[in-house]
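# Inside the fold
Okay, here's what each chain looks like letter by letter:
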Amino acid sequence: MAQGLLIQGASPLVGSPITFKVQAAVISGECAFHRVKLTVHAGIYGGNYTDLTLSSPAESGENLYFDVSSALRAVADSYEYTATPPAAYPYIVYDLSACDEYMQNGEVHDNVGVVTSNGHKAIFGAYSDLERILSGGSKLAQHFTRKPNTTPEVVAVGETMVCPQSFATAISEGSITTGPTSSVVSITTPGLQTINGRQVYAVAAGQTDRYQFRFVNGLGCLESISVRSFKTTETNVTQESYIRAIQETFGSFSRGLVTKKNDYETWKMSSGPLDEAWHSWFIHEFLMAKFAWIKIGNNWLGCHIVPEETVEGIDRTNGSFYEVQFSVRLDLNGSPLAALAI
């Protein structure tokens, strides 16, 4: 029978490997085939559950290692983020069962020696490669933002900050009772201040070409950034020409027509001046965001953060300031500044 179901080096985050060891059954005699199947019964806590099966060829008594994070990410992808953070992000609950399957003497033996391991949990997000390397094989979860503290974060009076909250203590896969949270803080006072344990400098309200973004960071939490944009816009309109055929007379002819669509706008923006740590954060965290929203008027509109084909890194050969240039492609057709909408 399959033996064990022992968790190996892992983290509570579904975006990083979560590995379990299973020992294949010891079988006497030759087998036409032998494999171990691992079934992951998983779902978002309080929602529907689904079964996903992983399998691997096995030798008699062999130790096999299964990374169940891919199955858990399939479950996590069913959650839909919005521009407003929930009271707490959901977490995933999953059970495991392993068994052997083999053919011997022309007979198939299935579901042999089932073993189970129940009550496992995981939260959204992923650790970076460097964080995994430095962790020494496993890593607990406590903090949910990678923003640096080298210089104060610049915002404007009247804006809001979305701040991922840290757990009071680091948690393991077995100690999850709730998902992380993000708080929304309104900026009402100009000048240097501390918000959520971070140094923040608020400039006066009414700054032109300043935009707020909310996005889902690499640790699975909603957070925000405010940029001083040097903006240009462009629109890529798709057009198709065709001939509208009619019955012609001496004075009437078929005529050419054109259809136009996809007039979504792309805004080219800049982060503004940055130090080296913030420059790295913009490239590896903000530009890599999968889900993002931009505030236009009083509305949070879905968008995609589109890096340039080549993102310029640190250049120490001249004295120019560091900045990151990127594009924002809006997720809607038509003008985002239309009078009827604003």
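Structure report, in brief. (Residues numbered from 1 in each chain as written. Predicted model: local features only at pLDDT ≥ 70, side-chain atom pairs only at ≥ 80, totals over all residues. Heavy atoms only, no water.)

## Structural notes on the sheet that holds strand β12 (residues 198-203)
Paired through backbone hydrogen bonds, the strands of a sheet run either parallel or antiparallel to each other. We apply this condition: Strand pairing is assigned whenever DSSP detects at least two bridges linking the two strands. Starting at the N terminus, helices and strands are each numbered in turn, a helix being any DSSP run of H or I of at least four residues and a strand any DSSP run of E of at least two. An axis is simply a line fitted to the C-alpha atoms; with a helix, the fit covers only the stretch in contact. Between two such axes, the angle follows the N-to-C directions and lies from 0 to 180 degrees.
Strands sit in the order β8-β12-β11 across an open sheet of 3 strands; the sheet is mixed. The sheet is open, and its two edges are formed by β8 (153-156) and β11 (191-195), each paired on a single side. Within the sheet, the average angular offset between the axes of one strand and its neighbour, ignoring direction, is 40°. The sheet contact formed by β8 and β12 spans 4 bridges and is parallel. Paired with Glu 153 across the bridge in β12 is Val 200.

## A few points about helix α1 (residues 69-76)
Our working definition: Each residue's exposure class comes from its accessible area (1.4 Å probe, protein chains only) as a fraction of the maximum for that residue type: buried when under 20%, exposed when over 50%, partly exposed otherwise. The arc in question is the one spanned by the directions pointing from the helix axis to the C-beta atoms. Note on definitions: a residue-residue contact is assigned when non-hydrogen atoms from the two residues lie within 4.5 Å.
Along α1, the residues classified as buried are Ser 69, Ala 71, Leu 72, Val 75 and Ala 76. One side of α1 holds all its buried residues, which, seen down the axis, span an arc of 155°. On its buried face, α1 is in contact with β3 (33-44), β4 (49-57), β5 (63-67), β6 (91-104) and β7 (107-123).

## Considering the nonpolar core
Cut-off, in case you're wondering: Residues enter a nonpolar core if they are buried and are Ala, Val, Leu, Ile, Met, Phe, Trp, Tyr or Cys, with the set joined through side-chain atoms within 4.5 Å.
Ile 18, Val 40, Val 68, Leu 72, Ile 92, Tyr 94 and Ile 123 are the most contacted members of the largest nonpolar core, which totals 45 residues. For this core, the secondary-structure elements that each account for two or more residues are β2 (19-23), β3, β5, α1, β6 and β7. Per-element tally for this core: the top contributor is β6, with 6 residues. Here Ile 123 is in contact with Pro 12, Leu 13, Val 14, Tyr 91, Ala 141, Phe 144, Ile 171, Ile 176, Gly 179 and Pro 180, once residues within four sequence places are set aside. Grouped together as the second largest cluster of nonpolar side chains are 26 residues, Ile 225, Ile 294, Ile 305 and Val 328 included.

## Comments concerning empty space enclosed by the protein
The following threshold applies: Residues are said to line a cavity or pocket when one of their atoms sits within 4 Å of a point; the points come from a 1 Å grid over protein atoms alone, cavities being sets where a 1.4 Å probe fits but cannot get out and pockets being open sets with protein on both sides within 12 Å along at least five of seven lines. Grid points are joined across faces, edges and corners, and a volume is the space filled by probe spheres set on the points. For this classification, the nonpolar set comprises Ala, Val, Leu, Ile, Met, Phe, Trp, Tyr, Cys and Pro, the charged set comprises Asp, Glu, Lys and Arg, and every other residue, Gly included, is treated as polar.
All chains considered together, the criterion is met by 2 cavities of 30 Å³ or more. In this model, the largest cavity occupies a volume close to 40 Å³. Taken together, Thr 145, Lys 147, Met 161, Val 162, Cys 163, Pro 164, Asn 196, Arg 198 and Glu 223 make up the lining of the largest cavity. Counting residues per element, the lining of the largest cavity draws most heavily on strand β9 (residues 160-164), which supplies 4 residues. The residue makeup of the lining of the largest cavity, split by class, is 4 nonpolar, 2 polar and 3 charged.

## Re the layout of surface pockets
As a volume, the largest pocket reaches approximately 500 Å³. For the largest pocket, the lining is made up of 20 residues, of which Gly 125, Asn 217, Gly 218, Gly 220 and Lys 290 are closest to its centre. Every element with two or more residues in the lining of the largest pocket is listed here: α1 and α3 (276-286).

## Describing the environment of Ala 10
Here Ala 10 is to be found in the loop between β1 (3-7) and β2. Overall, Ala 10 belongs to the buried group, its relative accessible area being 13%. Along the sequence, Ala 10 and Ala 98 sit 88 residues apart, while their C-alpha atoms lie 19 Å from each other. Apart from the residues within four sequence positions on either side, Ala 10 is in contact with Pro 17, Ile 18, Thr 19, Gly 137, Ser 138 and Lys 139.

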